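Per-entry structural report
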Amino acid sequence: MADYIILLDALDVSLRLGIHPHEVEPQRVLIDVTMTVRYPAAIDADRIEAVLDYDYVRSGIVALADVRRFALQETLCEAIANLCFTDRRVVEVKVRTMKADVYPDARIGCEIVRRR
């Protein structure tokens, strides 16, 4: 077995997230995803077909942002983790979301780790 860590770092999306009246409009959210991907052996073929194509994670998150409103960062993180687990080779995922512009002096976020 060979484990690889795949990172999606600081994806900057605009989505409807929050419970407050001023959060009705989409806001900037930074999203980090760390996936542990397990293969039967170390990758020796330099072909995308041999590995997890992380485009599905990025495009899936963008699609979520376009079609769904989230009240809580916790449920957003869970939805992203579930998206990652659609590839059976993903054995662990860490998802971190940060509302970028809520406070003038800080960001506010949530982080989860899920394992199969």
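Look above for the structure.
All values derive from a computational prediction rather than experimental measurement.

Take Cys 110: it is sitting in strand S4 (residues 108-115). Here Cys 110 falls in the buried class, since its relative accessible area comes to 13%. Placed 74 residues apart in sequence, Cys 110 and Thr 36 show a C-alpha to C-alpha distance of 19 Å. The contacts of Cys 110, once residues within four sequence positions are left out, are Gln 73, Glu 74, Cys 77, Val 95, Arg 96 and Thr 97.

We now examine the side chain of Gln 73. With respect to the helices, strands and loops of the structure, Gln 73 is situated in helix H2 (residues 73-84). A polar contact is formed between the side chain of Gln 73 and the side chain of Thr 97, at a distance of 2.6 Å.

Compared with the 16 Å implied by 1.5 Å per residue over twelve residues, the 17 Å span of H2 between its first and last C-alpha is a close match. Taken as a whole, H2 has its buried residues at Gln 73, Leu 76, Cys 77, Ala 79, Ile 80, Ala 81, Leu 83 and Cys 84. Buried residues along H2 sit in contact with strand S1 (2-15), strand S2 (27-39), helix H1 (55-67), strand S3 (90-99) and S4.

Another point: the packing of H1 against H2. Each pair of packed helices can be summarised by the angle the axes make with each other and by the distance between the axes. Contact geometry for H1 and H2: axes closest at 10 Å, N-to-C directions at 145 degrees. Of the two possible hands of crossing, H1 and H2 adopt the one that is right-handed. Contacts between H1 and H2 involve Tyr 56, Val 57, Gly 60, Ile 61 and Leu 64 from the former and Ala 79, Ile 80, Leu 83 and Cys 84 from the latter. Residues of the contact of H1 with H2, tallied by class, amount to eight nonpolar, one polar and no charged.

Here is what the cut-offs are and how they apply
- Starting afresh in each chain, residues are numbered from 1 along the sequence in its written order.
- Selection of residues for local features in this predicted model requires a pLDDT of at least 70, selection of side-chain atom pairs for listing and counting requires 80 or more, and totals for whole chains, interfaces and linings are taken over all residues.
- In computing side-chain values, all of the structure's heavy atoms are included and hydrogens and water are not.
- Starting at the N terminus, helices and strands are each numbered in turn, a helix being any DSSP run of H or I of at least four residues and a strand any DSSP run of E of at least two.
- When a residue's accessible area, from a 1.4 Å probe over protein chains only, is under 20% of the maximum for its type it is buried; when over 50% it is exposed; and in between it is partly exposed.
- By the convention used here, residues are in contact when the closest approach between their heavy atoms is within 4.5 Å.
- Throughout this description, a polar contact denotes any pair of N or O atoms lying within 3.5 Å of each other; where both atoms belong to protein, one of them has to be capable of donating a hydrogen while the other can accept it, and for residues adjacent in sequence the pair is counted only when both atoms sit in side chains.
- In this scheme, a helix's expected span is set at 1.5 Å multiplied by one less than its residue total.
- Fitting a line to C-alpha atoms yields each axis, with helices limited to the stretch in contact; the angle taken between N-to-C directions then spans 0 to 180 degrees.
- Whether a crossing is left-handed or right-handed is set by the direction in which the near helix is turned from the far one by less than a right angle, anticlockwise for left-handed and clockwise for right-handed.
- When residue character is reported, Ala, Val, Leu, Ile, Met, Phe, Trp, Tyr, Cys and Pro are called nonpolar, Asp, Glu, Lys and Arg charged, and the others, Gly included, polar.

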